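# Examining the three-dimensional arrangement
One-letter residues, chain by chain:
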Amino acid sequence: MSKESDSLRTSPSVASLSENELSPPPEPPGYVCSLTEELVTKAREELQEKPEWRLRDVQALRDMVRKEYPNLSTSLDDAFLLRFLRARKFDYDRALQLLVNYHSCRRSWPEVFNNLKPSALKDVLASGFLTVLPHTDPRGCHVLCLRPDRWIPSNYPITENIRAIYLTLEKLIQSEETQVNGIVILADYKGVSLSKASHFGPFIAKKVIGILQDGFPIRIKAVHVVNEPRIFKGIFAIIKPFLKEKIANRFFLHGSDLNSLHTNLPSSILPKEYGGTAGELDTATWNAVLLASEDDFIKEFCQAAPTCDSTLGLALLPEGLASDAQCDDSMRAVKSQLYSCY
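What counts as what
Residues numbered from 1 in each chain as written. Predicted model: local features only at pLDDT ≥ 70, side-chain atom pairs only at ≥ 80, totals over all residues. Heavy atoms only, no water. Helix = DSSP H or I, 4+ residues; strand = E, 2+ residues; numbered from the N terminus. Buried < 20%, exposed > 50% of the residue type's maximum accessible area, 1.4 Å probe, protein only. Contact = heavy atoms within 4.5 Å. Salt bridge = Lys/Arg side-chain N within 4 Å of Asp/Glu carboxyl O. Axes fitted to C-alpha atoms, helices over the stretch in contact; angles between N-to-C directions. Parallel < 35°, antiparallel > 145°, perpendicular 65-115°, else oblique. Left-handed = near helix turned anticlockwise from the far one by under 90°. Nonpolar A, V, L, I, M, F, W, Y, C, P; charged D, E, K, R; others polar. Pairing = 2+ DSSP bridges. Core = buried A, V, L, I, M, F, W, Y, C linked by side-chain atoms within 4.5 Å. pLDDT = per-residue confidence, 0-100. Arc of directions from axis to C-beta.

We now examine the overall build of the chain. Summing up its helical and strand segments, the chain has 17 helices and 5 strands in all. In the chain, which comprises 342 residues, the proportion classed as buried is 52%. Considering only contacts in the chain between residues 6 or more positions apart, those separated by 24 or more positions represent 79%.

Let us now look at the pattern of salt bridges. Summed over the entire model, instances satisfying the criterion amount to 12 salt bridges. One salt bridge connects E49 with R54, and the closest N-O pair in it is separated by 2.7 Å. No difference in accessibility class separates E49 from R54, as the two residues are buried. With a shortest N-O distance of 3.2 Å, K272 and E280 are connected by a salt bridge. The burial state of K272 is the same as that of E280; both residues are exposed. Here the salt bridges share partners, and the residues they tie into one network are E49, R54, R86 and E176.

Here the focus is unusual backbone geometry. In the Ramachandran plot, Q48 falls in the positive-phi region, its phi being about 60° despite a non-glycine side chain. With respect to the secondary-structure elements, Q48 resides in the loop between α2 (37–47) and α3 (54–68). Phi angles above zero are rare outside glycine, and N115 is one such case at about 55°. Relative to the helices and strands, N115 is located in the loop between α6 (110–113) and α7 (122–127).

All right, on to the packing of helix α4 (residues 78–87) against helix α5 (residues 92–108) then. Across the interface, α4 lies against α5 with an axial gap of 8 Å and an inter-helix angle of 120°. Classified by the interaxial angle, the pair formed by α4 and α5 is oblique. The two elements α4 and α5 cross, and the hand of that crossing is right-handed. Residues F80, L81, F84, L85 and A87 of α4 pack against Y92, A95, L98, L99 and Y102 of α5. Class assignment for the residues of the contact of α4 with α5 results in 10 nonpolar, no polar and no charged.

Right, let's get into the sheet that holds strand β5 (residues 251–255). The 5 strands lie next to each other as β1-β2-β3-β4-β5, forming an open sheet whose pairing is mixed. Here the strands that pair on one side only, and so sit at the sheet edges, are β1 (130–132) and β5. Pairs of neighbouring strands in the sheet enclose a mean axial angle of 20°, with direction left out of account. Alignment of strand β2 (residues 142–146) against strand β3 (residues 183–188), held across 5 bridges, turns out to be parallel. The partner of L146 across the bridge, within β3, is A187.

The tendency in soluble globular proteins is for nonpolar side chains to be buried as a group. Among the nonpolar cores identified, the biggest contains 80 residues, and W109, F113, L130, Y166, I204, F216 and L243 are the most heavily contacted of them. Every residue in contact with Y166, bar those within four places of it in the chain, is listed here: Y102, R106, F113, L116, I211, F216 and F301.

Next up on the list: the packing of helix α8 (residues 158–172) against helix α11 (residues 202–214). It is at 12 Å that the axes of α8 and α11 come closest, and there the two elements cross at 5°. Viewed along their axes, α8 and α11 adopt a mutual orientation that is roughly parallel. Between α8 and α11, the residues in contact are I158, I162, Y166 and L169 and I204, V208, I211 and L212, respectively. Class assignment of the residues belonging to the contact of α8 with α11 gives a composition of 8 nonpolar, no polar and no charged.

What follows covers the confidence of the model for the chain. A residue-level look at the chain finds 80% of positions with pLDDT of 70 or above and a mean pLDDT of 84. Taken together, the stretch residues 1–21 has pLDDT below 50 and engages in 26 contacts with residues farther than four places along the chain or on a different chain. Counted against residues more than four places away or in other chains, residues 320–342, with its pLDDT under 50, gives 37 contacts.

This next bit is on helix α15 (residues 284–291). Within α15, burial applies to W286, N287 and L290. Seen from one end, α15 has its buried residues packed into an arc of 105°, which puts them on one side. Of the surrounding elements, those touching the buried residues of α15 are α7, β1, α8 and α16 (294–301).

This part takes up the pairing of strand β4 (residues 220–226). With 7 of its 7 residues buried, β4 lies for the most part within the structure. In terms of strand pairing, β3 meets β4 through 6 bridges, oriented parallel. The partner of D188 across the bridge, within β4, is V226. The sheet contact formed by β4 and β5 spans 4 bridges and is parallel.

Take a look at the structure:
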């Protein structure tokens, strides 16, 4: 690592001292690293995480939160703050901004984040709209499988699907392994019609992408789309303008070519629905994992909201979290795109 990158990771209180002049602080009993030696090495190489300085870095971020956002209602636990440092490769400033965005996003979209708990989403979970495959990919990434065709719009609004996705991401990111390895998304668009696609307009798209890119501490390593109909061209036309180039380059469209999918996700980890050898697609196991976490989500998302800190205004929101009015014109334009693609 260069001296310049090392300096970016140095707390203001120790900026004038070199690492050789300091003794690494002992890790308190509140945090116990669960990473294997292999993942510790991977985190060092890919995320600039130095185990010997891990708690010093966490303390630096904690000090920044207390100084710059003293009224921010957030956990300052070591394990929680580590999620944000890892997601931004231990760049203090970027990790702090991500943490602020994380809370701003939650406050800006109450219909998604209020009362967010597994028992409130039993209809979504029962539909089979999403699950997490039991096996990770060769890089150790969990695979989040989405099946929009399982959603019936007359049963519940699209925001319930988004709530279920966010709930799943919150559960996944609790694992330090996921914090280091990231996740992969497998989206099956088989049978998605024009009427269903029209529910996912620019306003929804910008909000969801704004959260995933700039408001949640998770690394999305790839998005694999299968069985996409012609209408997907219109859907992707909605999504792409809001994607950062790095994320856009991680989208892979396979159509009905499962051999193409298997070059990225081996058949050994996939259910037979996608040409795999891992048995039938199982949604019940992941549903049970979420439902067993009910108390954790009640504690985190179902308490009375504190008075909003004035420093967390719209100016700090990710670009994707715009108002409805800002998206009216683009919504009309996209509708015509959808019809022409169908």
